[in-house]
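Residue-level structure breakdown
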Amino acid sequence: MERTLSIIKPDGVSRGLIGEVIKRFEKEGIKIAAMKMLHLTKKEAEGFYAVHKEKPFFDSLTDFMSSGPIVVMVLEGENVIQRNRDLMGATNYKEAKPGTIRADFATDIEKNVVHGSDSPENAQKEIAYFFSELEIH
Ligand code: RTP
Ligand code: MG
């Protein structure tokens with residue numbers, strides 16, 4: 001059994017897409033093992049996206065991620081890291097497969113509705129950034 005971190009980004013929350021995203025996880029039989037709503041500070045967003053600190057989009061991304069509330073979730077299931085990435089679609093919504101969350105709802109390469117961990121190592125780090133073991137069910 002694998003775990004991954006999912007985030008509904010500020011655009012997804014403000015546009016009323018929380019239920020839509022969660023419905024897609026549950027329909028796939030992915031278990032939600034933890035969930036909460038947070039409004040990150042700029043510093044907290046920078047800490048979360050530290051792997052991207054040299055990227056040209058880092059400042060804009062961390063401004064966006066601290067611009068409003070987000071929903072963070074721990075998803076659990078077999079091969080859930082890849083299954084979540086498949087449900088999300090490509091980073092650039094223009095390249096995302098039809099029927100994926102980003103193809104259906106993203107409006108911009110940055111405002112792409114969801115985040116998902118990309119490897120077991122990053123999943124573990126990202127989950128620990130937001131949740132203690134006691135909060136994961
Ligand atoms: P995420 O980490 O959010 O799940 O997305 P990802 O793996 O598909 O994409 P990644 O390369 O890790 O980039 C993280 C987030 O940064 C924003 N981004 N902006 N302006 C740009 O060229 C650009 N590229 C990436 C997106 O919000 C992306 O999801
Ligand atoms: Mg990423």
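Residues numbered from 1 in each chain as written. Chains lettered and ligands numbered in written order. Predicted model: local features only at pLDDT ≥ 70, side-chain atom pairs only at ≥ 80, totals over all residues. Heavy atoms only, no water.

We count it as follows: UniProt positions are given in the numbering used here, feature names are shortened, and annotations may be inferred rather than shown by experiment.
In the annotation of an unreviewed UniProt entry, the chain is listed under the name Nucleoside diphosphate kinase and assigned to Dissulfuribacter thermophilus. If you open the UniProt record of the chain and go to Function (unreviewed entry), you find "Major role in the synthesis of nucleoside triphosphates other than ATP. The ATP gamma phosphate is transferred to the NDP beta phosphate via a ping-pong mechanism, using a phosphorylated active-site intermediate."

**Notes on the sheet that holds strand β3 (residues 70–77)**
The following threshold applies: Strand pairing is assigned whenever DSSP detects at least two bridges linking the two strands. Strands are runs of DSSP state E lasting at least 2 residues, helices are runs of H or I lasting at least 4, and numbering of each runs from the N terminus. Whenever a helix is involved, its axis is fitted only over the stretch in contact; in every case the axis is a line through C-alpha atoms, and angles between N-to-C directions fall within 0 to 180 degrees. Any two residues having at least one pair of non-hydrogen atoms within 4.5 Å are treated as being in contact.
Read across the open sheet, the four strands follow the order β2-β3-β1-β4; overall the sheet is antiparallel. The sheet terminates laterally at β2 (31–38) and β4 (114–116), the two strands that pair on one side only. The mean angle between the axes of side-by-side strands here comes to 20 degrees, regardless of whether they run parallel or antiparallel. Sheet topology note: the strand β1 (residues 2–8)/β3 ladder contains seven bridges and is antiparallel. Across the sheet, I7 pairs through a bridge with V72, a residue of β3. Strands β1, β3 and β4 of the sheet are contacted by helix α5 (residues 80–88), whose axis makes an angle of about 30 degrees with β1.

**Some points on the site of ligand 1**
Going by this rule: We call a residue near a molecule or strand as soon as one heavy atom of that residue lies within 4 Å of the molecule or strand. We define a polar contact as two N or O atoms separated by no more than 3.5 Å, with the added condition that, inside protein, one atom must be a possible hydrogen donor and the other a possible acceptor, whereas residues neighbouring each other in sequence contribute only through side-chain atom pairs. Note on areas: Shrake-Rupley, 1.4 Å probe, and residue coverage restricted to the protein chains presented here. When residues are sorted by character, Ala, Val, Leu, Ile, Met, Phe, Trp, Tyr, Cys and Pro go into the nonpolar class, Asp, Glu, Lys and Arg into the charged class, and all the rest, Gly among them, into the polar class.
Among the 14 residues in the neighbourhood of ligand 1, the closest are listed as K9, H52, T91, E110 and N112. In the model, an oxygen atom of ligand 1 is placed 2.9 Å from a nitrogen or oxygen of the K9 side chain. G116 is positioned with one of its backbone polar atoms (N or O) 3.0 Å from an oxygen atom of ligand 1. Considered on its own, ligand 1 offers 560 Å² of accessible surface; in the complex 80% of this is hidden by protein. When residues of the shell around ligand 1 are traced back to their parent elements, those giving at least two are α5 and β4. Across the shell around ligand 1, the residue classes tally to five nonpolar, five polar and four charged.

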